[in-house]
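Understanding the architecture of this molecule
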Amino acid sequence: LVASSLRSGFSLPQALDGVVHGGDQPAAGEFGRALAETRLGVEVEDALDGVADRMKSPDLEWVVMAVRISHDVGGNLAEVLLTTVHTIRERAQLKRQVRALSAEGRLSAYVLIGLPIFVAGSLALVRPEYLRPLYTQPLGIAMLAFALCGVLVGSWWMSRVVKVEV
């Protein structure tokens, strides 16, 4: 919306005013607050930085950085914003694709973590005497502690393997 407004000849504050009037809450309210700050003498870039901080949006931080660079260097702000938005959208699409491709690994991790718990629970219900040596004898307690440590280390390791940063 801002890039389209800039292309049609509006200034950046006027384009942001269009976001305030045509946008959804809470973003419209935050941009309205930024416009009010600019009317009080704060630079537009600083006011937008405040919006990005309050909304905790890394994408908006990228946009503010692009506005700041475009203001310092010059050039067509509308094109810079469109390029930034295109990059943000591609990154989001890549994140979704990586998440879909790593879904099988996450499911395998859940199964491998839950399998010992399920087997132990089933044995406790069906044949509790099979599990009794695990918590009554010292060697069984040591084996149980080792198995618990193994499950914890394995679950931590699997969570790191299936977590891909984009």
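Rules behind the numbers
- Residues numbered from 1 in each chain as written.
- Predicted model: local features only at pLDDT ≥ 70, side-chain atom pairs only at ≥ 80, totals over all residues.
- Heavy atoms only, no water.
- Patch = residues over 30% accessible without salt bridge, like charges linked within 9 Å, V, L, I, M, F, W, Y side chains within 5 Å.
- Areas by Shrake-Rupley, 256 points an atom, 1.4 Å probe, with all protein chains shown as cover.
- Salt bridge = Lys/Arg side-chain N within 4 Å of Asp/Glu carboxyl O.
- Helix = DSSP H or I, 4+ residues; strand = E, 2+ residues; numbered from the N terminus.
- Buried < 20%, exposed > 50% of the residue type's maximum accessible area, 1.4 Å probe, protein only.
- Axes fitted to C-alpha atoms, helices over the stretch in contact; angles between N-to-C directions.
- Parallel < 35°, antiparallel > 145°, perpendicular 65-115°, else oblique.
- Contact = heavy atoms within 4.5 Å.
- Nonpolar A, V, L, I, M, F, W, Y, C, P; charged D, E, K, R; others polar.
- Core = buried A, V, L, I, M, F, W, Y, C linked by side-chain atoms within 4.5 Å.
- Expected span 1.5 Å × (residues − 1).
- Bend = angle between axes of the 7 residues up to and from the residue.
- pLDDT = per-residue confidence, 0-100.

With that settled, consider a nonpolar patch on the surface. A surface patch of nonpolar side chains, about 500 Å² in accessible area, is lined by Leu115, Phe118, Val119, Leu123 and Tyr130. A per-element tally of the nonpolar patch places helix α7 (residues 103-126) first, with four residues. Take Val119: it is sitting in helix α7. Residue classification places Val119 among the partly exposed residues on the basis of a relative accessible area of 40%.

What follows concerns the packing of helix α6 (residues 77-101) against α7. Axis separation between α6 and α7 bottoms out at 4 Å; the angle between their running directions is 40°. In terms of orientation, α6 lies oblique with respect to α7. Only Ala103, Glu104 and Arg106 of α7 make contact with α6, whose side of the interface consists of Arg99, Ala100 and Leu101. For the contact of α6 with α7, the class distribution of residues is three nonpolar, no polar and three charged.

Turning to the nonpolar core, a few remarks are in order. Val2, Leu6, Leu12, Leu16, Phe31, Leu60 and Leu81 are the most contacted members of the largest nonpolar core, which has 23 residues in total. If you list the elements that add at least two residues to this core, you get α1 (2-7), α2 (12-22), α3 (27-39), α4 (44-55), α5 (58-73) and α6. Ignoring sequence-local partners within four residues, the contact set of Leu16 consists of Val2, Phe31, Leu35, Val44 and Leu48.

What follows deals with α7. Here α7 is 24 residues long and its end C-alpha atoms lie 33 Å apart, about the 34 Å a rise of 1.5 Å per residue gives. The sharpest bend along α7 comes to roughly 35°, located at Gly114, with the proline Pro116 sitting one to four residues further on.

Considering every residue of the protein chain, the mean pLDDT works out to 85; 99% of them sit at 70 or more. Mean pLDDT in the protein chain bottoms out at α2, which sits at 79, and peaks at helix α9 (residues 138-162), which reaches 90.

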